[in-house]
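Survey of secondary and tertiary structure
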Amino acid sequence: MLNFNQPPTKATNAEPQWKVLVYDRFGQDIISPLLTVKELRDFGVTLHVSLHSDRDPIPDVPAIYFVMPTDDNIQRICRDFQNQLYESYYLNFISAVSRQKLEDLANSAIQANAVQQVAKVFDQNLNFISLENELFTLRHQARESISYYAINKGDVKDTEMEAIMDSIVDSLFSVFVTLSIVPIIRCPRGNAAEMVAEKLDKKLRENLRDARNSLFSSEGVPGQFSFQRPLLVILDRNLDLATMLHHTWTYQALGHDVLDLQLNRMEIEEVMDDGPTMNSPARKPRIKKKTYDLSSKDKIWMSQKGHPFPEVAEAVQEELNAYRQEEGEVKKLKAALGLEGEDDTAISMLSDNTARLTTAVTSLPELLEKKRQIDMHMNIATALLEQIKARKLDTYFETEEKMMSKAALNKSLMDIISDPEAGKPEDKVRLFIIALICGPPLTEAEIDQYCVALQAANCDISSIQYVRRWKSYTKLQAPSSQYAGGGISSTSMFSSLLSKGSQFVMEGVKNLVVKGHNLPTTRIVDALMELKSLPDADDFHYFDPKLLRADASSVPRNRSPFQEAYVFMVGGGNYIEFQNLLDYAKSKSAHGMQKRIVYGCSDLVNAAQFLNQLSQLGQEM
């Protein structure tokens, strides 16, 4: 697309043509996790600007537009035509543009006498945000419109629901057009996931029927030789609310929960100290915000993001030690080269060192980049550690894991709730909701007692009221098998770290080692991929868009297990589930069965945001 929709050639790679990139907020969210400013520059983009900002005319440069086909955007593009801002216009719409809007564009181009300048109009079908190779989400801007709250609120109108479903289906359709594969769809009955699956099946079917304009061509498609089509499992968030509120212990999920990781970017507040005035009581410390980009090129991030936090701290420390050693060698070289006089030792040392110097010079940029990465992870880990200590997150994590695996608790629920030291009010509410969903059944009177205690610890309990109604309404007693197999063992406190004199002060934080266990989502995916029988997943719908006649009674045809699955969660997902699915695929691949799982969700929400949505639902009851 950045090469005017032509495949790049050697000539354009060597010397790209300069151009302007114009995007709206949706386009910006799609591009930002994929390309850095430097990479855009390598493609010849000298200027990238928002569509709705005030822009000056640049008459001799072509412009590439990457926007959603909304009415505002179309009107703004028409205004650009009239003002003759650029030499030529390449219009790329993120999702398919309607006939009516194309006619509006054409009319305004004729009036502005700019027909010659509109070079190309494309439907890119890229209406989703790809965060990693195995992770995508549908939108970041204006994501409230497709959130769990929007789908589950009491007064939602049918027309609103249709619009929400259509926008989710449009994005999912984009995902599979981009991959050019037609999946086999499975979903549970009687909820939002079923509506999405039916609409998507219909949309894929209509596209395949129209052979001339079909977006799924058979040529140049990756994966057309693997004889098996992938599975798409569409699930509803109501299947498992507990995971959304769970306190976590792995690096990436902690970052999302505590530091609000968004679009692969983290913000950390750092206190600036200004010398002697720092200690005067009247002065507030200045706080500076730092933003860190976490890309797939970052080796530490890619290798550690799924590991428990203590292991990550250890790994970062080891990287730092290795870096110091390399730095030491460069310093020795400097000393050797600083030798005075022309005596033989200096000259012989110089000839030895020339080779070493060459390698040192070539490795310097690498070293600096490594140093930057280590510093960044040091800062992130330190910020996480402060939060863990302040909110006693290790205690919460341990208690919740025990509840989910039905083990005995060290400290009773009431003790934690009434302990003023333990965490924020929201942490207590999260803990109690998990106890409601996964713990031993409580009588109404007991629940009321807990609610009084929670209110005494100034917690907002409207979310609990919603979960109570949700439980009685669905009669959803999570079967005890659902979270089985989890568990925790506490090992000796970071002994290796403390003995090496690390920079992390870990006293008072438990070193919890998590034993792998499958969350409900992962267990359903496992049953559907391996064709096992599971009470939760036996009555799932089966849709195959390639079959000519669509009937709800169609039965699963294939007998061999699936290699590849796309899991999509309607109503929001999080990194805990994503990591659990990745671990499952990894453990299968370790046994010689290659599995690939891609996780997607309508939006990535952390526990605080999800709790907020539950509270809103509770207040509206």
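Our structure's up above, just so we're on the same page.
Overview of the structure.

Definitions and limits used
- Residues numbered from 1 in each chain as written.
- Predicted model: local features only at pLDDT ≥ 70, side-chain atom pairs only at ≥ 80, totals over all residues.
- Heavy atoms only, no water.
- Helix = DSSP H or I, 4+ residues; strand = E, 2+ residues; numbered from the N terminus.
- Buried < 20%, exposed > 50% of the residue type's maximum accessible area, 1.4 Å probe, protein only.
- Contact = heavy atoms within 4.5 Å.
- Areas by Shrake-Rupley, 256 points an atom, 1.4 Å probe, with all protein chains shown as cover.
- Pairing = 2+ DSSP bridges.
- Phe/Tyr/Trp six-rings, centres within 6.5 Å; stacked < 30°, edge-to-face > 60°.
- Axes fitted to C-alpha atoms, helices over the stretch in contact; angles between N-to-C directions.
- Parallel < 35°, antiparallel > 145°, perpendicular 65-115°, else oblique.
- Left-handed = near helix turned anticlockwise from the far one by under 90°.
- Nonpolar A, V, L, I, M, F, W, Y, C, P; charged D, E, K, R; others polar.

Quick look at the overall build of the protein now. Helix and strand counts for the protein stand at 22 helices and 16 strands. In the protein, which comprises 621 residues, the share counted as buried stands at 49%. A sequence separation of at least 24 residues applies to 79% of the contacts in the protein between residues at least 6 apart. In the structure as shown, the protein presents an accessible area of about 30800 Å², 53% of it carried by carbon and sulfur atoms.

Now for the pairing of strand S6 (residues 129-132). By the bridge criterion, three bridges tie S6 to strand S7 (residues 135-137) in an arrangement that is antiparallel. Directly across from Ile-129, in S7, lies its bridge partner Thr-137. The hairpin formed by S6 and S7 contains two residues between the paired strands.

Two descriptors summarise a pair of aromatic rings, namely the distance from one centre to the other and the angle between the planes of the rings. The tally for this structure, following the rule as stated, stands at 13 aromatic pairs. Between Tyr-86 and Tyr-89, the aromatic rings sit 6.2 Å apart at their centres with planes inclined by 70 degrees, giving edge-to-face as the arrangement. Just as Tyr-86 is buried, Tyr-89 falls in that class too. Plain terms: the ring middles of Phe-128 and Phe-136 are 6.2 Å apart, the flat faces sit at 75 degrees to each other, and that makes the pair edge-to-face. Of the two residues, Phe-128 and Phe-136, neither departs from the other in class, the shared state being buried. Taken together through their ring pairs, the aromatic side chains of Tyr-65, Phe-81, Tyr-86 and Tyr-89 make up a single cluster.

Let us now look at the packing of helix H4 (residues 71-83) against helix H5 (residues 99-111). Interaxial distance between H4 and H5 falls to 9 Å at its minimum, and their mutual angle equals 15 degrees. Considering the angle they form, H4 stands roughly parallel to H5. Here the hand of the crossing between H4 and H5 comes out right-handed. Counted together, Asp-71, Ile-74, Ile-77, Cys-78 and Phe-81 of H4 and Lys-101, Asp-104, Leu-105, Ser-108 and Ala-109 of H5 form the full contact between these two elements. Here the contact of H4 with H5 is composed, by residue class, of six nonpolar, one polar and three charged.

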